[in-house]
Amino acid sequence: MHHLAIFNCILAIGIVFFRRKDPTSVWAWLLILYAVPILGFILYLLIGGDIHKRQKFRIKRVEDKVQEAILNQEKSLKRHVLQEKRPELAPFTDLIYYNLDTSGAVLTGNNAVRILTDGHELFDRLLDDIRNARESIHIQSYIIRNDKLFDRICAALKEKAAEGVEVRILYDGMGGRFVSHAKWRKLRRAGIEAVSFFPPLLRRFHLRLNYRNHRKIVVIDGLIGYVGGFNIGCEYLGEDPRFGYWRDTHLRIQGAAAAGLQLRFLQDWNFASDKALTNAERYFKTPEILYGNCDIQIISSGPDSDLQNIRNNYIRLIARAKKSIYLQTPYFIPDDAVYSALMMAARSGVEVNIMIPSKPDHPFVYPATMSYAGDLIKAGAKVYTYNNGFIHAKGLIADESVMAYGTANMDIRSFRLNFEVNAIIYSEEQAQKMVKLFKQDLRKCRHITPEQYGRRSLYVRMKEQVCRLLSPLL
């Protein structure tokens, strides 16, 4: 026991002074180490350590052009040129500039957006786009199940690879563990390149539960991009009896913004693959026709960056809202900054609407979610639980004029520990379409009133408090 106490003390000193930056996380880990020393140490090995930043292979020519575009747009914003040419974007100048500066997110026009909320519709549309591909297909997914949906996609990809189309699949080392090595080898023999992001040291056993690549991106021929919450698996078609109908949100973007998703895919590919695509200009296309009038920035964040870009975008959108906020998320565990922004909005008369699942898919996350939701209910926000299966949509709409949707949940893990990507869409038309979908979902929701929340049992209250205490680790 004496040696264990010394070891625990050394680890605690390392956490406080060398590894952890967030005080809330520090205190949570110290509590775990003190309460359950041996288990606490094992948990820290599994989910606690900071990522060792690693040099990415640069896509030099492409990134140099992006940097030039960033500088030109920053000058245009400073001189009010963009605001004069596009007065409808003037209210968002600060956010556009922030994303340019911190995330290298070039603002693109000439985009058409299609909102997809049903898995069958999404994958039918995706398979059509795959079959029509002529040059390249890039797929990135957090989870890939070894099931009939993936078999359908693989069959279409093999056909395109046989036609000479370049096909690449990037999957997370943990989320892609369901597919056997033998199947990946067969796909490679068929001409499909496949790479794992942070693969396990042992076949299916991960020492790292954090730092997962949670991004879901597809880019076809450099002009069609997909981003959102759907992974690849039959459960996302509503075929898992545990969850029932799967309500999610994915965006199909056709136009200039596909280049932002392409760049993100290629950077992640070069991080994970030993076949770096350093000269990749051929994968970026300039639209030759007018697709639409949506202005979009593609932003990303991850543990390899000191800035929590997606979290900060959520805060800015919440802070600028004057009338309404519509928020959908399967996990609602905000950090102090997002929590304070939402509380302030609710208490300032902004209509704050939050939609979360009615059923848990995680024994600790759901009680913590309900604890934070309860605080917002008391502050005047409207909280709804989705009862028609499981809601996995991830996004926020502010004042029915701008929206942020993509892969990031409204939780600390997405803000700080996972690699995520979101699309910021400056379009009243698209924002109002998303609000309309939100209101349609309300027909299948239960509104949790302050009175109903106050009638929770003592056991539920205690469980919520314990899970909330552990929320920085969830």
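If you're wondering where the values come from, they're calculated on a predicted model, not measured in any experiment.

## As for helix α15 (residues 428–442)
Right, on to step 1. Over its 15 residues, α15 extends 21 Å from the first C-alpha to the last, a length consistent with the 21 Å expected when each residue adds 1.5 Å.
Right, on to step 2. Buried within α15 we find Gln430, Ala431, Met434, Val435, Phe438 and Asp441. Down the axis of α15, the buried set is contained in an arc of 140°. They therefore lie on one face. Seen from the open side of α15, the exposed residues pointing more than 90 degrees away from its buried face are Glu428 and Lys436.

## A closer look at the packing of helix α8 (residues 148–162) against helix α9 (residues 181–189)
In a packed pair of helices, the relevant descriptors are the angle between the two axes and the axis-to-axis distance.
Right, on to step 1. For the pair α8 and α9, interaxial distance at closest approach is 10 Å and the crossing angle is 20°. The pairing of α8 with α9 is recorded here as roughly parallel in orientation. When the axes of α8 and α9 are compared, the crossing they make is left-handed. Note on element contacts: α9 touches α8 through Lys183, Trp184 and Leu187, opposite Phe150, Asp151, Cys154 and Lys158.

## Focus on the pairing of strand β16 (residues 402–406)
Right, on to step 1. The element β16 is extensively covered by neighbouring structure, given that five of its five residues are classed as buried.
Right, on to step 2. With burial as the criterion, each face of β16 is covered, one bearing Val402, Ala404 and Gly406 and the other bearing Met403 and Tyr405.
Right, on to step 3. Pairing of strand β15 (residues 395–398) with β16 involves four bridges; the strand directions are antiparallel. Residue Ala398 lies in a different strand from β16, and its bridge partner there is Val402.
Right, on to step 4. Here β15 folds back onto β16, and the loop between the two strands holds three residues, one of which, Asp399, carries a positive phi near 55°.
Right, on to step 5. As judged from the five bridges shared by β16 and strand β18 (residues 420–426), these two strands associate in the antiparallel manner. Bridge pairing links Met403 to Ile425 in β18.

## Points about the pattern of salt bridges
Right, on to step 1. Under the definition given, this model contains 25 salt bridges.
Right, on to step 2. Here Asp129 and Arg252 are joined by a salt bridge, their closest N and O atoms 2.9 Å apart. Of this pair, Asp129 sits in helix α7 (residues 119–131) while Arg252 is found in strand β8 (residues 250–255), placing the two residues 123 residues apart along the sequence.
Right, on to step 3. On the basis of relative accessibility, which here comes to 5%, the residue Asp129 falls in the buried class.
Right, on to step 4. A single salt-bridge network, built from bridges that share partners, covers Glu166, Arg168, Glu193 and Arg282.

## Observations concerning a positive patch on the surface
Right, on to step 1. Taken together, Lys158, Arg185, Lys186, Arg188, Arg189 and Lys275 make up a surface patch of like positive charges.
Right, on to step 2. The residue Lys186 is located in helix α9 in this model.

Procedures and definitions
Residues numbered from 1 in each chain as written. Predicted model: local features only at pLDDT ≥ 70, side-chain atom pairs only at ≥ 80, totals over all residues. Heavy atoms only, no water. Helix = DSSP H or I, 4+ residues; strand = E, 2+ residues; numbered from the N terminus. Expected span 1.5 Å × (residues − 1). Buried < 20%, exposed > 50% of the residue type's maximum accessible area, 1.4 Å probe, protein only. Arc of directions from axis to C-beta. Axes fitted to C-alpha atoms, helices over the stretch in contact; angles between N-to-C directions. Parallel < 35°, antiparallel > 145°, perpendicular 65-115°, else oblique. Left-handed = near helix turned anticlockwise from the far one by under 90°. Contact = heavy atoms within 4.5 Å. Pairing = 2+ DSSP bridges. Salt bridge = Lys/Arg side-chain N within 4 Å of Asp/Glu carboxyl O. Patch = residues over 30% accessible without salt bridge, like charges linked within 9 Å, V, L, I, M, F, W, Y side chains within 5 Å. Areas by Shrake-Rupley, 256 points an atom, 1.4 Å probe, with all protein chains shown as cover. Lys, Arg positive; Asp, Glu negative; His and termini not counted. Charge placed at Lys NZ, Arg CZ, Asp CG, Glu CD.

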